[in-house]
Structure formats: structure tokens, C-alpha cells
Amino acid sequence: MPRKKISRGLPPLPHNADLDDARHKTERLTEILRKVAMKNQRTQPRAFYSVRDVAGSFHVTLSTASNAYRHLEQEGLLT
């Protein structure tokens with residue numbers, strides 16, 4: 001049975017961010033996602049980009065994207 005699509009209502013992820021040259025990809029990705037999360041904050045919680053979408057969009061591994069999400073959760077931007 002296919003998974004149910006989640007309507008996120010978020011703008012597309014930025015495509016101009018190049019992480020290939022970044023020395024610390026997790027830190028750079030965390031900065032980018034932090035800006036997006038803060039810009040799109042609402043009073044009611046809503047779904048954020050999936051880890052797989054972020055990893056695919058920025059051409060990083062799932063563990064790198066997951067580490068960035070973990071940092072944002074510790075900061076209280078994501079739950």
C-alpha cells in the first residue's frame with residue numbers, strides 16, 4: 001500500500017546552495033534549513049521537508065541531512 005502524500009505548503013528548497021565545496025556539509029546544511037524554517041514559521045505546527053527530499057535536493061547522504069535535522073530539533077525549530 002503506498003504512503004499517503006503529506007501536503008507541506010512550503011516553497012521549493014533552494015537550488016543555488018552548493019555544498020560540494022563546504023568543509024562541513026552538516027553545518028552549512030543546518031544554516032540553510034534554519035533560515036528556511038525561521039522564514040516559514042507559523043503559529044500552528046506543520047510538516048517540514050522530509051529528510052529524503054533534503055538529501056536529494058542538496059546531494060548529501062541521508063545521515064548528513066538527518067544530523068542537520070537533529071541540530072534543528074535541539075534548537076527547538078523542529079519537533
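In the block above lies the structure referred to throughout.
Okay, so let's go over this structure. (Residues numbered from 1 in each chain as written. Predicted model: local features only at pLDDT ≥ 70, side-chain atom pairs only at ≥ 80, totals over all residues. Heavy atoms only, no water.)

Considerations on the nonpolar core
- Counting residues in each nonpolar core, the largest one holds 19 residues, and the members touching the most others are Leu29, Leu33, Phe48, Tyr49, Val54 and Phe58.
- Among the secondary structure elements, those contributing two or more residues to this core are helix H1 (25-39), helix H2 (51-58) and helix H3 (62-75).
- Examining the composition of this core, we find that five residues originate from one element, H1, more than from any other.
- Excluding residues within four positions of it along the chain, Leu29 makes contact with Leu19, Val54, Phe58, Val60, Thr64, Ala65 and Ala68. (Core = buried A, V, L, I, M, F, W, Y, C linked by side-chain atoms within 4.5 Å. Buried < 20%, exposed > 50% of the residue type's maximum accessible area, 1.4 Å probe, protein only. Helix = DSSP H or I, 4+ residues; strand = E, 2+ residues; numbered from the N terminus. Contact = heavy atoms within 4.5 Å.)

Observations regarding H1
- In this model H1 runs 21 Å from its N-terminal to its C-terminal C-alpha over 15 residues, within 8% of the 21 Å that 1.5 Å per residue would give.
- Check the buried side of H1 and you find it contacts H2 and H3. (Expected span 1.5 Å × (residues − 1).)

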